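Each chain, written out:
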Amino acid sequence: MVKAPQGWRRMVISAGIVAALIAGVLFVPGSVTGWAAGPVTLIYGKSGDADSLDSPTSTNGEAYQVTTQIFNLLVRAQPGKTDIEPDLATSWSVSPDGLVWTFKLRQGVTFHDGTPWNAEAAKFNWDRWADKNNPYHAVKGGEYEYFNDFMADSFKEAKAVDPSTLQIVLKQPNSPLLQNLTIIAFQFNSPASFKQYGAEGIGQHPVGTGPYKFVEWVRDDHVTLQANPSFFRKGLPKTQRLIMRVIKDNAARFLALKSGEVQAIELPNTDDVKAAQNDPNLKIVFRPPFDTSWIKFNMNNPLFKDIRIRKAVAYAINRPAIVRGLYAGYGEVATQAMPPGMWGRASNPDPITYDPAQSKKLLAEAGYPNGFSFDFWYIPVSRPYFPQGKEIGTAIASDLNKVGIRAHLQTEDWATYLKDQRTNRFPLYMAGWIGDNGDPDDWLGFFFPKYDATSARWSYNNPAVFDLINKAKSENSQARRAQMYAQAMTLISKDLPNIWFAHARVPMLVRKNLDGLIGQPDSNEYWELVSLR
Amino acid sequence: MARYITRRAIALLPILLGVSAAAFLMIHLLPGDPATVYVGDHATPGSIERVQHEFGLDKPLPVQYGIYLWNAVHGDFGESLDSHRKVLTEFVPRFPATIELTLGAITVALCVGVPIGIMSAAKPNSIFDRLGMFVALAGISIPVFWLGLMLIYIFSVYVHALPTSGQLGVNISLISITRIDVLDGVLTGNWAAAGDALRHLVLPSVTVGSIPMAIIARMTRASMLDALHQDYIRTARAKGLTGRAVVIGHGLRNALLPVVTVIGLQFGGFLTGAILTETIFSWPGVGRFMYESISFRDYPVILAGILLFSLMFVLVNLLVDVLYAFLDPRIRYA
């Protein structure tokens, strides 16, 4: 037996004193203010960091949340909606042939560097986006993807008619133009900032006209913005400083909100939203539904060429029950491609309800009284439209099994999943879309423009639908466009290439002392409207 | 000794070459295509092809590896597919943050693990011993991510004593010298920043240090028990030395050698622990960056990260071997 060493007690006491001293340094109550900010500073907990703050060359939603506070567009989405309101343009008109758009620009606006906003500045930006030979066009890794997708086909030139009048001249009509210009990638940089920082540098030194000026960006940590006292919307912004902190782990972000380190967060875990409902210090703000999920039949697969089979699958799935059970109360059953609130929706497109008996009958008619087997691919990541891909996939497979359809659940990593949608690998799979703007072309134009025999995504072949959707893109009248999209949607509904599944609102959590936050459909909230009590 | 170190340093080259070849092969065997992730939902076959060409992903694998090695030898580890910045530029500001966290975790592991081991060995089967071994068992059993979240819950949400995440408060300004914030605060005399950085360091350090702490505690206990039964301890006591002098001066010094070995071996644990911990605590280090890069299939970053981790692991183990000579004068390297 080892004898207890002498002096141990003294050592323990010494260690205790040292520990107490360290604890004293770390836990003094005043230290809380060491990282918490004053009431004029609003801290928002984001789920990810920006890639660049040069929005035209980025497609990154995390970047857009920041640049929305620094820059402006010609026209922007109204708070909480996709409808348009003036931003740097105060009015606009289009020529009868749809080829010349004229914008009257807001006057007396300056960029954060003091240079004026006018038609020349606007033209400078348009030229940069469109002209590959423009000295400020090329940015390493920058893609101008939204310009290329939404404008490049039709854009001819931008003209500065006079300091307050800008004309966009097109080669061919582009009816969704106005709605497309609400996409954050069409924001205007200060021309002088390009001369100061160069095309590569402005991604780290953004200079706009927006409610907040850029102060600093510590990558993967935070972006600090300072109120712009010359902002053209008088009385805004309502806070002196806006800090957008990156806390990628959902649970940690929620705990930062609970502790009061941040005043608002996005994309909380479902369980944390439930906890927030019972927390007197927190409240929930919703982004309106701007997404749709669906189950996609690969109509190149012989099995799903038969509409009776497609209907049998659709009748077998109890969508209301799954949406009720697995969307934490934020989902609603979808009946068509576009979410509520969009124009151009069909009035009553979806006759499919949950009816297992009808499903069995159709299976028997199609020659499969005992059902059949196939691979069903579920989405491997969490998206607002499919918040729990595996669980939803399992519930769907379980419903199908009840009528004798044996769906073997499969998945793979997200990159491969995205790629394989463009092949014929998947017989039936889960898919979805989050809107870019409030135009129906963004939804129907991407998924129903053509037929492709080698791709599950474009395996639906109905030239009448393609014709309507492609013609609607060059039609000037919004009323007629709405009719065409609704008609196309009705045709699609009859053919049932997709089972429309759900639209989901997206919750944000904020502290009780935060007022004025309105969730945006595209996730780019206007923080200028937000105040702290 | 110098010859030994040189020989070990030369042996690094084949190790790193082997690691890079294995990592390169394994990454490319995985399903999924970085070009598709890069282009995202709007991907078209044309845009995917363009990106594949831009990043050289359309070339045969051996050619890609050859180009990679050639550039790496010249200090160019390629560009991140995500940020489009040089991989080295991405690692440089993050690496000191991970070093800071690792040092914090080693401090926690040593300051808690070694005393627990000593006290348990000095009074085996006592309440100290049982309590110490319970702490060690808990340290090794509790999943790192769960421990991290619980610590935040207790110390940040309820006690409001420590920050939930980050390396430094967003309202604190600090001039960067080493990018190790606690050290920079001290070096610039900015005590408010040093204190704030230290407060940010506590919870992540405890989280990363929990598993190594447990292993060190158990190893110290076992090693000390062995040492305390040696003849020279009995002799020391017979000579009338105090208990503390016997345990610390004679027992611990001889028991330390296996503990140092364990610290070296645990270094890999510090790094892998940092991957989870940095994510939970939004710690802007290499671990979180690696985690995100793996999710994004950012090949150049993953490869460079594996090489960096391997290099650190090998260097730390070399350092441990060198330390042996100082701890035990009988050990000599030729």
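All values reported here derive from a predicted model rather than from experimental measurement.

Scanning chain A for helices and strands turns up 16 helices and 21 strands. Summarising its shape, the C-alpha atoms of chain A cover approximately 90 × 85 × 40 Å along the three principal directions. Split into buried and exposed, the 533 residues of chain A put 59% on the buried side. For chain A, restricting intrachain contacts to residue pairs at least 6 apart in sequence, the fraction spanning at least 24 positions comes to 70%. When the accessible surface of chain A is summed, it comes to about 20,300 Å², and 53% of that surface belongs to carbon and sulfur atoms. Separation between the mean location of the 57 positive side-chain charges and that of the 52 negative ones in chain A comes to 4 Å.

Two orientations exist for strands paired in a sheet by backbone hydrogen bonds: parallel and antiparallel. All names here are of chain A. Pairing is mixed across the open sheet formed by six strands, whose spatial order is β14-β18-β13-β17-β15-β16. On the outer flanks of this sheet lie β14 (331-333) and β16 (406-410), each paired with one strand and no other. Ignoring strand direction, the axes of neighbouring strands in this sheet form an average angle of 25 degrees. As paired elements, strand β15 (residues 373-377) and β16 share five bridges and run parallel to each other. Directly across from F376, in β16, lies its bridge partner L409. Sheet strands touched by helix α10 (residues 319-326): β14 and β18 (498-504). Its angle to β18, the strand with the most contacts, is close to 30 degrees.

Turning to the confidence of the model for chain A, a few remarks are in order. Residue and element names in this part refer to chain A. Confidence in the prediction for chain A averages 90 pLDDT; 93% of positions are at 70 or higher. Confidence drops under pLDDT 50 across residues 1-7; counting only partners more than four residues distant or on other chains, this segment forms 12 contacts. Note on residues 27-38: pLDDT is under 50 here. Beyond four places in sequence and across chains, it has 23 contacts.

Right, let's talk about the packing of helix α7 (residues 144-158) of chain B against helix α9 (residues 191-228) of chain B for a bit. Residues and elements named next belong to chain B. Where α7 meets α9, the closest approach of the two axes is 9 Å, and the angle between their N-to-C directions is 145 degrees. The two elements α7 and α9 meet at a crossing, and its hand is right-handed. Within the contact between the two elements, α7 uses V144, L147, G148, L151, I152, F155 and S156 and α9 uses L203, V206, T207, S210 and I211. Residue composition of the contact of α7 with α9, grouped by class: eight nonpolar, four polar and no charged.

On to the pairing of strand β19 (residues 506-511) of chain A. Residue and element names in this part refer to chain A. Burial analysis of β19 places six of its six residues in the buried class, the great majority of the element. Here β19 shows a buried face lined by V506, M508 and V510 and a second buried face lined by P507, L509 and R511. Both strand β11 (residues 264-266) and β19 contribute to a ladder of three bridges, which runs antiparallel. Directly across from E266, in β19, lies its bridge partner M508.

On to the pairing of β15 of chain A. All names here are of chain A. Read as a crossover between parallel neighbours, the route from β15 over helix α12 (residues 389-402) to β16 is right-handed. Taken together, the two bridges between β15 and strand β17 (residues 428-434) define a ladder with parallel strand orientation. In the sheet register, F376 faces β17, and the bridge partner there is L428.

This brings us to the pattern of salt bridges. For the coordinates displayed, the defined rule picks out 30 salt bridges over all chains. For the salt bridge of K123 of chain A with D127 of chain A, the shortest nitrogen-to-oxygen distance reads 3.0 Å. Linking K123 of chain A with D127 of chain A, this pair stays in helix α3 (residues 119-130), spanning four residues, or about one helical turn. The shortest N-O distance in the salt bridge between D129 of chain B and R221 of chain B comes to 2.8 Å. Here D129 of chain B is found in helix α6 (residues 127-141), whereas its partner R221 of chain B is found in helix α9, with 92 residues between them in sequence. Through salt bridges with shared partners, a single ionic network connects D220 and K248 of chain A together with R85, E90, R94, R288 and E292 of chain B.

Residue and element names in this part refer to chain A. Of note, the amide linkage connecting L236 to P237 takes the cis form, showing an omega dihedral of 0 degrees. Examined against the element boundaries, P237 turns out to sit in the loop between β9 (222-227) and β10 (241-246). Of note in this structure, D220 is not a glycine but carries a positive phi near 65 degrees. Assignment of secondary structure puts D220 in the loop between β8 (212-218) and β9.

All names here are of chain A. Pairing is mixed across the open sheet formed by seven strands, whose spatial order is β8-β9-β10-β1-β11-β19-β12. Only two strands of the sheet have a single partner each, and these edge strands are β8 and β12 (282-287). Ignoring which end each strand starts from, the neighbouring axes of this sheet average 20 degrees apart.

Core analysis: the largest hydrophobic core is formed by 77 residues, its most contacted members being V313, F374 and F501 of chain A. With 63 residues, the next largest nonpolar core counts L201, A217, A236 and F309 of chain B among its residues.

All names here are of chain A. As for its placement among the helices and strands, S47 is situated in the loop between β1 (41-46) and α2 (61-70). Residue classification places S47 among the buried positions, given a relative accessible area of 16%. Among all residues touching S47, those that are not within four sequence positions of it are E62, I247, K248, R253, E266 and L267.

What follows concerns the confidence of the model for chain B. Scored by pLDDT, chain B has a mean of 86; 96% of the residues are at 70 or more. Both scores are available for the predicted complex, with the pTM at 0.82 and the ipTM at 0.79.

By the definition in use, this model includes seven cavities of 30 Å³ or more. For the largest cavity, the lining is made up of 17 residues, of which T68, L73, R76, I184 and Y526 of chain A are closest to its centre.

What counts as what
- Going along each chain's sequence as written, the residues are numbered from 1 onward.
- Chains carry letters from A onward and ligands carry numbers from 1 onward, assigned in written order.
- Residues qualify for local features only when their pLDDT is at least 70, as the model is predicted, and side-chain atom pairs are given and counted only at 80 or more; totals for whole chains, interfaces and linings, by contrast, use all residues.
- Each side-chain value is worked out from all heavy atoms of the structure, with water and hydrogens disregarded.
- Numbering goes from the N terminus for both helices and strands, where a helix is a DSSP run of H or I of at least four residues and a strand is a run of E of at least two.
- Buried, partly exposed and exposed residues are distinguished by accessible area as a fraction of the type maximum, computed with a 1.4 Å probe on protein chains only: under 20%, between the cut-offs, and over 50%, respectively.
- In what follows, residue pairs with any heavy atoms lying within 4.5 Å of each other are defined as contacts.
- Every accessible area reported is derived by Shrake-Rupley at a probe size of 1.4 Å, with residue values counting cover from the shown protein chains alone.
- Only four residue types enter the charge count, namely Lys and Arg as positive and Asp and Glu as negative; His and the chain termini do not.
- Every charge is mapped to an atom, namely NZ of Lys, CZ of Arg, CG of Asp or CD of Glu.
- By the convention used here, strands pair only if DSSP detects at least 2 bridges between them.
- The axes are straight lines fitted to the C-alpha atoms, using for helices just the contacting stretch, and the angles between their N-to-C directions are given from 0 to 180°.
- Per residue, pLDDT measures the predictor's confidence, with a range of 0 to 100.
- A clockwise turn of the near helix away from the far one marks a right-handed crossing, whereas an anticlockwise turn of less than a right angle marks a left-handed crossing.
- Side-chain classes follow a simple rule in which Ala, Val, Leu, Ile, Met, Phe, Trp, Tyr, Cys and Pro form the nonpolar group, Asp, Glu, Lys and Arg form the charged group, and the remainder, Gly included, forms the polar group.
- We call a crossover right-handed when, viewed with both strands directed away from the observer, the connection leading from the first strand over the helix to the second proceeds clockwise.
- The rule for a salt bridge is simple: a side-chain nitrogen of Lys or Arg has to be within 4 Å of a carboxyl oxygen of Asp or Glu.
- As used here, the term nonpolar core means buried Ala, Val, Leu, Ile, Met, Phe, Trp, Tyr and Cys residues forming a set that is joined through side-chain atoms within 4.5 Å.
- Points on a 1 Å grid over protein atoms alone make up a cavity when a 1.4 Å probe fits among them but cannot get out, and a pocket when they form an open set with protein on both sides within 12 Å along at least five of seven lines; lining residues each have an atom within 4 Å of a point.
- Grid points are joined across faces, edges and corners, and a volume is the space filled by probe spheres set on the points.

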